[in-house]
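Inside the fold
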Amino acid sequence: MKAYGATLGVLFAVGGAAAADELPISMREHKIGYVTTDLHWSVYQTSNVNTDCPQGLNGNGPRETFKALYPNGGTVEGTQLARESLKMFPEDKGPQFPYILAKGTTAIGLNLDGKQDTGFTSPSGEKGIDNNLFKVIGCNAQYRAPDGQLQLFANKLIHGFNFDRMMIELSNVDDLTNDDDVEVTIYRGHDPLLLDATGESVAPGGSQRVDMKYGRKLIQKMHGRIANGVLTTEPIDGQWPWAIYFDTPTVLHMRDMRLSLKLTAGGANGLIAGYMDVDSYYHWLTSWSTHHLSYGRLDPAEFYWALKNNADAYPDKDGKMTAISSAITINMAQVFIQHPEGGVDVQQRTADVTGARAR
Amino acid sequence: MKPVVGLMGVVAVLGLAAQASGKEPPFGATDPKAVEAFAQVPMPPGFKVGESRLEGPVFADSHGKTIYKWPIAAMRQGYAGDPKDKSACEDKVTTKTGGYMSPYPEGLDLPELDKRKSCQALWSPVAADAKAKPVGDWTIITRGDGTKQWAYDHHALYTSYLDQRSGDVNGGTTVYRNGGDTPAERSPVGPPADVPPGFSVESTVRGRMLMTDKKMSVYVSDHDSAGKSNCDAACEKLWRPLVAPAGAQPHGDWSVINRSPSVRQWVFRKKPLYTYVRDQLDESLDGSEELGWHNVYTQLTPPPPKGFSVQETINGDVLADTNGKTIYFYTCGDDSADQLSCDTLDSPQEYRLAICGGGDVERCRRSWHYVPAATDAKSDNQLWSIVRVDPATGHEAKPHQAGALRVWAYRTRPVYTYEGDAQPGDFTGHARGEWQGRRNGFRAFWIRSELFTRT
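Helix and strand counts for chain B stand at six helices and 32 strands. Against the globule reference of 23 Å for 455 residues, chain B gives a C-alpha radius of gyration of 23 Å, in line with a compact fold. On the principal axes, the C-alpha backbone points of chain B span a range of 70 × 60 × 40 Å. Expressed as a percentage of its 455 residues, the buried residues of chain B come to 55%.

As C-alpha cells, then:
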C-alpha cells in the first residue's frame, strides 16, 4: 500500500471522516474514480535472491549472446542485423541459450480458472494462483525490485505520459466495504496527475477529464462486487495502454482480464490479472531497444521462447498456447473524473469507433 | 473507408479539408500560400535564402541547393558529428562500425563496401575560395586536407547529393527531434524567423508552428476581426492575450493593438494572438478543439497526395491510405563515424530487409506494402513524389524495368502500410526496428501525437 496520506487536508476532503449514512464527497452520486499511479509486473521476491533463484539470475543478455555467437565480430548484416532480425522474427530460430525460470511456489496473482493445481500459492496462502509469467520474469534482473530497469522505468513513465493515464470509475456504489453490484468503467484521463508536496507521489483528490478524443476505444465496462473492502470484477477481454518508452505507444491485450483491488476513499491497490496475449506482451517488451533490454541481460529472442513455452491458455488451432497467465500490481489514487457534457454512452462510443464514426 | 472528418483543424491544416468534406478550410486557418518571413542577416556573396515548405527559409548555395550542418551529438557510446569550427566529414571511405549505439561493438564490417562512398562524396563541403572573408555569423574553417569551408554559427556547412531542386530538404530535417537515439543528424541551416522577442517557430509535419519562446502554442480566433480583439473578460478566463511591451513596433506581419489603455497585444497577420490557459504541454493543439480557435503557422506543409486520409488512433491522428490503413516511413542511419543515411533507394537494403523480413525479401514484401500511385497520379509539391521501385531489391528501378512498382514517397523515401494492421486506427508497425525504429526501422506518420510530452 502506497502512502497517500501526506496531504491531510485532501484526505479529509475526500471522505476520511464521512458519517455512515452520508457518502463521502469522493463518492458523490454513488460514484468514485481512481487513477493509475504505479504499475509493476507482479514478482514475488524475498530479500535473498539466492533463495528466489538458486540458479542465479539470467545472464545471457544481448551483449553476452552476441559475444558468444560472434567472438570474432563479422559483417553488420551477419551479426548485428541478424540479432535485430531475430528480435523481429523470434520464431526464425529456436532457443540457443539456457534460460533460467523461477522455481518458487509462491506467486502473486489470482486464481483465474478456479483450479487448485497450478503449483502456486499466494503470499497469503491462497492456492491455485495462476501466474506463469512469473516463471519467465522472476529470475530476470529487469523485473526485480527495487532497481530492475524495466521495473523502475516502466513504472516511472506512468506518471509522465498522458498515454498511460488509465482510470477506473465505480458507479452504483453504496459502500466501499461491501456492495454486491457495482459497475466499473475503464477510461483514460487527459490531465497531469496531482502530485503531493514532495513532487513525487500522487495525491488523492485530483481531477481528470475523460479522454474522449483519442481514448474512446479504451473505454471498457466491467461488473463487480465489493466484499470486505476488496473489489473483484468479472473478466473481460481487455486492453490496457502501457507505454514504456517515449513516442512508443504500446497496449497490452489481456484475455479474461479482471481487477482485484483493495478500496479506500483515497486509493485502490491490488492486481490486474488475466491471460496476457503472448504476441502483445512480446511487442510491448520489445518496444524497448536492445540496448535497454541489455541492462537486465534480457535477450529478446530467448525471452520469447521462455514466454511461448510457458504460455498456458487459449490454444490456437494447432493446440499451441497463445496466452500466459499473469498479474500486474497496480496502485491508484482517488480522482474526480470529469465527464464530457451529455455523459459517455459506451455502446454508442463502441459503435462510433468501429465504423459509424466515419461519416 | 472515408477519412475522419471530426478533426477539422488538423485536416484543414493538411489541406485535406476539401477532399474530406467538400468545404474550404475554416476561417482563420493559415493561408496555404503563406510563406514565412525571415530576419535579414549578412551573407557572403553567392549565397541566398531558399524556401522549403517543411523547414521554412533555408540558406542555399549559388545553385539553390539547401545548406546543412552536422552538429556533434552525444551517442550512447561516444560522440559523432562536427565539433565547433571543424569538419569530421572526410574524403575517406569508412569500412567499420563505430560502436556508437549500444549494445553492439565497434569494428563490424559495414555493408556493400565495394559501393560505399565517403562522407565527403555524399555531403559536399560548401567551399570557400581563397579570397573569401567572414561575414556576420559566416566564418571560414580549414578542412583536414587544407581546403577552406564555409561555416555558420561555428557549424561546418554542406550540401546533400539527395537534393536536386531549390527548396529540397531530402538530406535531413528538424521535424523529428528525438534526442540521442537517432543518428547524429544533418539539418538545414537558415536565417532566424522574423518574429519578435518572446516568440519562436518550429518545423512540424503540419507546418512551421508559431509558439512562444517557452514552446507554448499561440492561437487566433475567428471571433476577432482584423486588428481587433473581441475577447472579453469571460473569454480571457480561457484565452490569455499575448501582451506586447510598451516599445513594440509594427514590423512585417506583426503589429500591435491596444486592448485597453496601457495594455497592448501582439497581432500576427492582422489576428490578435493568445495562449490557451488549459494548455499543459509544449506545442499543444488542444486549443484548436475550441470552436473558432486555431493554432498559428507561419506557413503550411503541402498536403499529402490525393487519396490519403487522416485516421484517428488511440495515440493521435495518423496519416492513412485510401483504405484508412496507417502510413509508415522507414528511417535509417548507419553506425559508422560518418552516420550515413541508409533509408534511401540507393542505400544498402540489408538494414531495411533485416527489420521488414528478417532478411527475406518475399516476407518483407508480404509484411510491408508500398503505397501504389495511380497511373494518372502526380505530385504537385517537393515533399511528396512518385518513385519507381524494384520490389526484388528495394532499389530504384531501371527505366522500363518489368515488374517495377510506381509508389508514393516522402522526401524521396517510399512510404508503406503494414500487414499487421487489421483495421483503420491500428499502428502495430510503429517503432518496429532498432531503437524504436529511430535508427533502423519503421515509424508511423503521425500528424498529431501529444500524449508523450512529459507532464
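There is more to say, and it comes next.
Disulfides are covalent bonds that link the sulfur atoms of two cysteine residues. All names here are of chain B. The tally for this structure, following the rule as stated, stands at five disulfides over all chains. Paired by a disulfide, Cys89 and Cys119 hold their sulfur atoms 1.9 Å apart. Disulfide Cys89 to Cys119: torsion about the S-S bond roughly -110 degrees, handedness left-handed. Highlighted residues: Cys89 in the loop between strand S5 (79-80) and helix H3 (119-122) and Cys119 in helix H3, separated in sequence by 30 residues. Taking the relative accessible area as the measure of exposure, Cys89 reaches 1% and is therefore buried. Disulfide partner of Cys332: Cys342, at an S-S distance of 2.0 Å. Measuring handedness by torsion sign, the sulfur bridge of Cys332 and Cys342 sits at about -75 degrees and is left-handed. Linking Cys332 in strand S25 (residues 328-332) with Cys342 in the loop between S25 and helix H5 (350-357), this pair joins segments that are ten residues apart in sequence. This pair shows no difference in class: Cys332 is buried, exactly as Cys342 is. Disulfide connectivity for chain B, with bonded cysteines indexed by sequence position, reads 1-2, 3-4, 5-6, 7-8.

It is worth spelling out the sheet that holds strand S22 (residues 297-300) of chain B at this point. Pairing between the strands of a sheet is mediated by backbone hydrogen bonds and can be parallel or antiparallel. Residues and elements named next belong to chain B. Pairing is antiparallel across the open sheet formed by three strands, whose spatial order is S12-S13-S22. If you trace the sheet from one side to the other, it starts and ends with strand S12 (199-203) and S22, each paired once. With strand direction ignored, the average angle separating the axes of adjacent strands in the sheet is 20 degrees. Where strand S13 (residues 207-212) meets S22, three bridges bridge the pair, whose relative direction is antiparallel. By the bridge assignment, Arg208 is partnered in S22 with Gln299.

Residue and element names in this part refer to chain B. With respect to the secondary-structure elements, Arg53 resides in the loop between strand S1 (48-52) and strand S2 (56-60). In this structure the side chain of Arg53 is engaged in a polar contact, spanning 3.1 Å, whose partner is the backbone oxygen of Pro32. Look past the residues within four positions of Arg53 in its chain and what remains in contact with it is Pro32, Ala34, Val35, Gln299, Leu300, Thr301 and Pro302.

Looking now at the sheet that holds strand S23 (residues 309-313) of chain B. Residue and element names in this part refer to chain B. Read across the open sheet, the three strands follow the order S23-S24-S32; overall the sheet is antiparallel. Either end of the sheet is taken by a strand with one partner, and the two such strands are S23 and strand S32 (446-448). Neighbouring strand axes in the sheet, compared pairwise and without regard to direction, differ in orientation by 40 degrees on average.

Our focus in this paragraph is unusual backbone geometry. Put simply, Ala145 of chain A and Pro146 of chain A share a cis peptide bond, and its omega is 5 degrees. You will see that Asn228 of chain A, though not glycine, has its phi angle at about 50 degrees, which is positive. Considering the arrangement of structural elements, one finds Asn228 of chain A in the loop between strand S5 (220-227) and strand S6 (230-233). The exposure class of Asn228 of chain A is exposed, given its relative accessible area of 61%. Look at Arg269 of chain B: it is not a glycine, yet its phi comes out positive at around 50 degrees.

Another aspect to go through is the nonpolar core. Counting residues in each nonpolar core, the largest one holds 106 residues, and the members touching the most others are Trp41, Tyr143, Leu170, Trp242, Tyr281 and Trp284 of chain A. Those residues in contact with Tyr143 of chain A that lie beyond four places of it in its chain are Trp41, Val43, Ile137, Leu150, Gln151, Tyr281, Trp284, Leu285, Leu298 and Phe303 of chain A.

A word on the packing of helix H4 (residues 80-88) of chain A against H5 of chain B. Between H4 of chain A and H5 of chain B, the least distance of the axes is 7 Å, while the angle of their chain directions is 25 degrees. Between H4 of chain A and H5 of chain B, the angle is such that the two are roughly parallel. In this structure, H4 of chain A crosses over H5 of chain B, and the sense of that crossing is right-handed. Together, Leu81, Glu84, Ser85 and Met88 of chain A of H4 of chain A and Glu350, Tyr351, Ala354 and Ile355 of chain B of H5 of chain B make up the contact between the two elements.

Another point: the pattern of salt bridges. Working definition: two side chains of opposite charge can pair if their charged atoms are close together. All names here are of chain B. Evaluation of the coordinates by the stated rule reveals 28 salt bridges over all chains. For Arg76, the salt bridge is made with Asp181, and the minimal N-O distance between the two is 2.9 Å. With a gap of 105 residues between them, Arg76 in the loop between strand S4 (73-74) and S5 and Asp181 in the loop between strand S10 (158-160) and strand S11 (187-188) connect regions that are remote in the sequence. Residue classification places Arg76 among the partly exposed residues on the basis of a relative accessible area of 32%. Note that Lys214 is salt-bridged to Asp213, the shortest N-O span being 3.9 Å.

Further remarks concern the environment of Gly358 of chain B. The topology assignment puts Gly358 of chain B in the loop between H5 and helix H6 (361-367). Residue classification places Gly358 of chain B among the partly exposed positions, given a relative accessible area of 26%. As a C-alpha pair, Gly358 of chain B and Gln249 of chain B span 109 residues in sequence and 60 Å in three-dimensional space. Leaving out residues up to four positions away in the same chain, Gly358 of chain B has contacts with Ser85 and Phe89 of chain A together with Leu353 and Arg363 of chain B.

Thresholds applied
Residues numbered from 1 in each chain as written. Chains lettered and ligands numbered in written order. Predicted model: local features only at pLDDT ≥ 70, side-chain atom pairs only at ≥ 80, totals over all residues. Heavy atoms only, no water. Helix = DSSP H or I, 4+ residues; strand = E, 2+ residues; numbered from the N terminus. Rg over C-alpha atoms; globule rule 2.2 N^0.38 Å. Buried < 20%, exposed > 50% of the residue type's maximum accessible area, 1.4 Å probe, protein only. Disulfide = S-S within 2.5 Å. Pairing = 2+ DSSP bridges. Axes fitted to C-alpha atoms, helices over the stretch in contact; angles between N-to-C directions. Polar contact = N/O pair within 3.5 Å; in protein donor to acceptor, adjacent residues only side chain to side chain. Contact = heavy atoms within 4.5 Å. Core = buried A, V, L, I, M, F, W, Y, C linked by side-chain atoms within 4.5 Å. Parallel < 35°, antiparallel > 145°, perpendicular 65-115°, else oblique. Left-handed = near helix turned anticlockwise from the far one by under 90°. Salt bridge = Lys/Arg side-chain N within 4 Å of Asp/Glu carboxyl O.

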